[in-house]
Amino acid sequence: MRLMSPTRIRRLVAGAAAVTLGVDLAAVALASQSGQRVAPPPAVSLDHHGQALIGGVGDWQDIRNAQDRIAARAESRDPSGRRGAGGRVVVHHAGGRRIRQGSAYALLHRTGTLGVEPTLGVLGDGSVFVQGVTRDPALRSVVLRTRDGGRTFTDVSPKVGGRYVHASTQDPYLYAEPRTGRVFTNDFVGCGLTSRSDDGGASWTTFPPLCSHLTDHQNLFGGPPVTSRPTGYPHVLYYCAVTLPALNTGTSAGCDKSVDGGTTFVPTGSLAFTPRLQYNDEGKLNTYCTGLIGHGTVGPDGTVYVPKTCSEPLLLVSRDEGLTWQTIAIPTKVGVNTDRYGRPDHESAVGVDAKGIVYYTWIGRDRLPYLVTSRDGGRTWSRPLMVGAPGVNETNIPALAVSPGGRVAISYMGSKTSPGAPFPNDSTCELFTGDTSCRSTTSDYLDTTWNGYITVTDDPLRARPTFTSVSINDEADPLTIGECGPFRCQQQYDFDDVQLGPDGTPWAVFSDGCDVDLFCESLGEAVVGRIAGLPRHR
């Protein structure tokens, strides 16, 4: 067993402290840019992600360490994407029942920049955009673009006079609309700051900050209007996030919308999600359900879908551009994964195809990923299918993308070396009663390795769908080690992302926090994985 490094000790302290909310570094950065004097953080404090600042230098030292490790790996970077990738895919049925090994294979592309909750987008010409943060203590938002399949990445971030426009951030977010070719980059720095590009990142327009009732864990998406008449842009944009007064401990969520292409936003109407009591699997009142939501999407008829989890998987639906909302509970006995404090995983994911069929994925109480579909806008649902790759026994932070023709791609962090059940969220495990069946995270998960997976299906509506899965990284060189969720996954923070290219190629982005010697930092490099060799799909 490896000795615990100082970085790992810092991480464990951070996990213990993450139950409470402390210093918001994004707000501190915003204040410092406005000329306000900002006191240094206390000896032990928290940013809004729950990362510990030990002696006021913990995270900054990790940034420098991460810089060195990214630079060291750049010397051996393989532009083809084969070095360090996960190999050939496995074809299987639901439940992880292996059929055969497929001919398609994973490719892994290193961006050379840090990934903090990395997101990506793919345009109709095949250009791929990756949202990361700069490799310096300022942690400024950076947008990278590749037009050669990941061989090279170019910094196309919004800049003026060679200087980055966006402030220091720990909440960058990227959204690309393949139907219109417009790319948006957004940061939460106390307010939402958005820039847009219509020429692939060659030039940007930056809008005044969006300061409203919306705060942390934001996401931006768009689609056809229902009642509005957009001007200067064909789609309605939605900006959804946790609402005041708290950041990631808030218990409600809301959305603002824009009908002028992102220049201005106004509240949509009622809140998308209001406080809801949280119960355990025995029906006992357990703890609150936060307002954290997954990434939203818009159907071809303009219906807005925002995924959410509490005691059960939920879908927040608006058929009138957010004026009113309906909370749909997806009927299932699978449940939702919760941590030892009773908090449910906040990341579920939703997608819609050109026919309006809705696809939804989440992590069940057995810590495995499930997929359901709805042919009537969320009113009724199929039975849940466990879609995880064969051999994976624990997963976290799923993301989902759907092509117009119905190809579904799901990304997630997965482990084959997790200790497995019983998990601390099992009904027999009561954390505060002294029951020893509650596993000690620090001891049992110390050497658990985690990889970034992509699972794809072209026939999700059949009675027995076929799935294709692969780890985008070599499992001998994992992305992280230790505990990955529930609620947060170390260097990934709250979420990763997956998108489908115009030819149906699935692209996913993760944060690689460990080197080949299995030494890990609390920050990692944004790495982009894809599956090559799949049949084309629109």
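Here is a short report on the structure shown in this document.

Quick notes on the rules
Residues numbered from 1 in each chain as written. Predicted model: local features only at pLDDT ≥ 70, side-chain atom pairs only at ≥ 80, totals over all residues. Heavy atoms only, no water. Helix = DSSP H or I, 4+ residues; strand = E, 2+ residues; numbered from the N terminus. Salt bridge = Lys/Arg side-chain N within 4 Å of Asp/Glu carboxyl O. Buried < 20%, exposed > 50% of the residue type's maximum accessible area, 1.4 Å probe, protein only. Phe/Tyr/Trp six-rings, centres within 6.5 Å; stacked < 30°, edge-to-face > 60°. Lys NZ or Arg CZ within 6 Å of the ring centre and 35° of its normal. Contact = heavy atoms within 4.5 Å. Polar contact = N/O pair within 3.5 Å; in protein donor to acceptor, adjacent residues only side chain to side chain. Disulfide = S-S within 2.5 Å.

1. Here's the deal with unusual backbone geometry
(1) Moving on: For the bond running from Gly-485 to Pro-486, omega is 0°, close enough to zero to count as cis.
(2) Moving on: One can find Pro-486 in the loop between strand 32 (480-481) and strand 33 (497-500).
(3) Moving on: Notably, Glu-117 is not glycine yet its phi reads approximately 50°, a positive angle.
(4) Moving on: Following the sequence through the fold, Glu-117 ends up in strand 4 (residues 97-122).

2. Re the pattern of salt bridges
Oppositely charged side chains may form a pair once their charged atoms are brought near each other.
(1) Moving on: One pass over the structure, following the stated rule, counts 13 salt bridges.
(2) Moving on: Lys-159 is the salt-bridge partner of Asp-155, the closest N and O atoms lying 3.6 Å from each other.
(3) Moving on: Here Arg-367 makes a salt bridge to Glu-394, at a shortest N to O gap of 2.8 Å. A residue pair is termed long-range when its members are at least 10 positions apart, and Arg-367 in the loop between strand 25 (358-363) and strand 26 (369-374) and Glu-394 in strand 28 (residues 394-402) qualify at 27 residues. In this structure, Arg-367 and Glu-394 share a single accessibility class: buried.
(4) Moving on: Ionic contacts of the salt-bridge type, sharing partners, join the residues Arg-73, Arg-110, Asp-477, Asp-512 and Glu-525 into one network.

3. So, the packing of aromatic side chains
(1) Moving on: What the rule picks out here adds up to nine aromatic pairs.
(2) Moving on: Relative to Trp-381, the ring of Tyr-360 lies with its centre 6.3 Å away and its plane at 70°, an arrangement referred to as edge-to-face. With Tyr-360 in strand 25 and Trp-381 in the loop between strand 26 and strand 27 (385-386), this pair connects stretches of sequence that are 21 residues apart.
(3) Moving on: With a relative accessible area of 15%, Trp-381 lands in the buried category.
(4) Moving on: Aromatic rings pair up to connect Tyr-360, Trp-362, Tyr-370 and Trp-381 into one cluster.
(5) Moving on: We note Lys-159 situated over the ring of Tyr-164; from NZ or CZ to the ring centre the distance is 4.7 Å.
(6) Moving on: Between Lys-308 and the ring centre of Phe-273, over which it is positioned, the NZ or CZ distance is 4.9 Å.

4. Considerations on the environment of Leu-368
(1) Moving on: Note that Leu-368 resides in the loop between strand 25 and strand 26.
(2) Moving on: Sequence separation between Leu-368 and Val-334 is 34 residues; the distance between their C-alpha atoms is 9.7 Å.
(3) Moving on: If we skip the residues at most four places from it in the chain, Leu-368 touches Trp-362, Ile-363, Met-386, Val-392, Asn-393, Glu-394 and Thr-395.

5. As for the side chain of His-537
(1) Moving on: With respect to the helices and strands, the residue His-537 is situated in the segment after strand 35 (520-532).
(2) Moving on: A polar side-chain atom of His-537 sits 3.4 Å from a polar atom in the side chain of Ser-403.
(3) Moving on: Not counting residues up to four positions away in its chain, the partners in contact with His-537 are Ser-403, Gly-405, Gly-406, Arg-407, Asp-458, Pro-502, Asp-503 and Gly-504.

6. Considering the state of the cysteines
(1) Moving on: With the rule as written, the count across this model stands at five disulfides.
(2) Moving on: Across a sulfur-sulfur distance of 1.9 Å, Cys-191 and Cys-211 are joined as a disulfide pair. Across the S-S bond of Cys-191 and Cys-211 the torsion is about 110°, and the bridge reads as right-handed. On the criterion of sequence distance, the pair formed by Cys-191 in the loop between strand 11 (182-188) and strand 12 (192-197) and Cys-211 in the loop between strand 13 (205-206) and strand 14 (219-223) is long-range, its members being 20 residues apart.
(3) Moving on: Note on Cys-191: relative accessible area 15%, which makes it buried.
(4) Moving on: On the basis of relative accessibility, which here comes to 52%, the residue Cys-211 falls in the exposed class.
(5) Moving on: For Cys-240, the disulfide goes to Cys-255, at an S-S distance of 2.0 Å. A torsion of 105° about the S-S bond marks the disulfide between Cys-240 and Cys-255 as right-handed. Of this pair, Cys-240 sits in strand 15 (residues 236-242) while Cys-255 sits in strand 16 (residues 253-258), and the two are 15 residues apart along the sequence.

By themselves, these figures tell us nothing about what the structure is for.
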